Amino acid sequence: MIGIIFGPPGSGKGTQAARIEAEFNLKHLSTGEILRAEVARGTPIGKEAGRIMAAGDLVPDKLIVDIVRGRLPEAEAGAGVLLDGFPRTVRQAQALDAMLAEEGHRVDLVIALEVPEGDLIERLLHRAKVEGRADDTRKAITERMHEYHKLTEAVLDHYARQGVALERINGTGTPEQVFDRIRRAIVISSR
Ligand code: AP5
Ligand code: MG
C-alpha cells in the first residue's frame, strides 16, 4: 500500500504517521524530517534547503523528487509506504506517479487531516516554545500556510481526479481521537 498523510502545517501529519506506521506496518517517509537531518549534518542539500525552510518556503521540486527517488525503493520493499509532506505540488505528484508506475504501483490512499487555521497556528507557536523548530516563527508560519494554499492543496484535486481513495479526517481533538478516526478510515478503505 502506498499512502499519503496530507494536511496543512501543524495538522498532525508527523504525530499520526508515527501511530499509523506502528499499527499498520507502513514505512513512514517524511521529506521534512529528511531535510531537517540534512540541515543538522550540514550537507550540501542541507545548506541549500536550510534557509528556504526557515523562511517557510518550499524547496525546489527537483531537489525533493531526487531525495524521494533515492528512498522509495527501499521503503517500497516492505509492506507499504506512508508519505508525509510529499507530494506538495502537482509537479511532485506527477513525478511520484511516474516513479510508482515504473514498479506497477500507484497511490492507494490519501488521508487528509482537517484542522481550523487558528488551531494550527496555536499548535505551531506552542511547539516553538517547546522545541524551537526554525520555521515555527510567526513570519515563517504565515508563509507556510500561504504556500500550502497556493501550491499544496491542489494535490488533493490531482488524486481525487484519478479516483484515488480520499479520506478527509477531522484532525481536532486529542491525538488519540484523531488516530481512532484514521484507523477506522484505513480499515474501511482496505476492505
Ligand atoms: P514539514 O516538515 O513537512 O512541515 P509542515 O508541513 O509545515 O508540517 P509540520 O511538520 O510542522 O506539522 P505536521 O502536520 O507534521 O504536524 P505535527 O504532527 O508535527 O516541512 C517543513 C519544510 O520543509 C517545508 O516548509 C519546506 O520548506 C520543506 N519541505 C518538506 N517537504 C517538502 C516538499 N515535498 N517540497 C518542498 N519543500 C518541502 O504536529 C504539530 C504540533 O502540534 C506538534 O507540536 C504536535 O505535538 C502538536 N499536535 C499534533 N496533534 C495534535 C492534536 N491532535 N492536538 C493538539 N496538538 C497536536
Ligand atoms: Mg511534520
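Below you will find a few notes about this structure. (Residues numbered from 1 in each chain as written. Chains lettered and ligands numbered in written order. Predicted model: local features only at pLDDT ≥ 70, side-chain atom pairs only at ≥ 80, totals over all residues. Heavy atoms only, no water.)

This brings us to the overall build of the protein. Assigned secondary structure in the protein consists of nine helices and five strands. Along its sequence from the N terminus, the protein presents helices and strands in the succession β-α-β-α-α-α-β-α-β-α-α-α-β-α. Computed over C-alpha atoms, the radius of gyration of the protein comes to 16 Å, within 12% of the 16 Å expected from 2.2 N^0.38 for 191 residues, which places it in the range of a compact globule. By principal-axis analysis of the C-alpha atoms, the protein measures approximately 45 × 40 × 30 Å. Here the protein holds 191 residues, and the buried ones make up 43% of them. Carbon and sulfur atoms make up 51% of the accessible area of the protein, which amounts to about 9900 Å² in all. Between the centroid of the 27 positive side chains of the protein and the centroid of its 29 negative side chains there is a distance of 3 Å. (Helix = DSSP H or I, 4+ residues; strand = E, 2+ residues; numbered from the N terminus. Rg over C-alpha atoms; globule rule 2.2 N^0.38 Å. Buried < 20%, exposed > 50% of the residue type's maximum accessible area, 1.4 Å probe, protein only. Areas by Shrake-Rupley, 256 points an atom, 1.4 Å probe, with all protein chains shown as cover. Lys, Arg positive; Asp, Glu negative; His and termini not counted. Charge placed at Lys NZ, Arg CZ, Asp CG, Glu CD.)

Okay, the site of ligand 1 next. Surrounding ligand 1, one finds 30 residues, the nearest of these being Thr 15, Thr 31, Asp 57, Arg 88 and Arg 127. Residue Gly 10 places a main-chain N or O atom 3.0 Å away from an oxygen atom belonging to ligand 1. Within the side chain of Lys 13, one N or O atom sits 2.9 Å away from an oxygen atom of ligand 1. Relative to its unbound accessible area of 1000 Å², ligand 1 is 87% covered by the protein chains. For the shell around ligand 1, the secondary structure elements donating two or more residues are helix H1 (13–24), helix H2 (31–41) and helix H6 (117–130). Element by element, the count of residues in the shell around ligand 1 is highest for H2, at four residues. Of the residues in the shell around ligand 1, the class split is 10 nonpolar, 11 polar and nine charged. (Near = heavy atom within 4 Å. Polar contact = N/O pair within 3.5 Å; in protein donor to acceptor, adjacent residues only side chain to side chain. Nonpolar A, V, L, I, M, F, W, Y, C, P; charged D, E, K, R; others polar.)

Geometric values such as these leave the question of function open.
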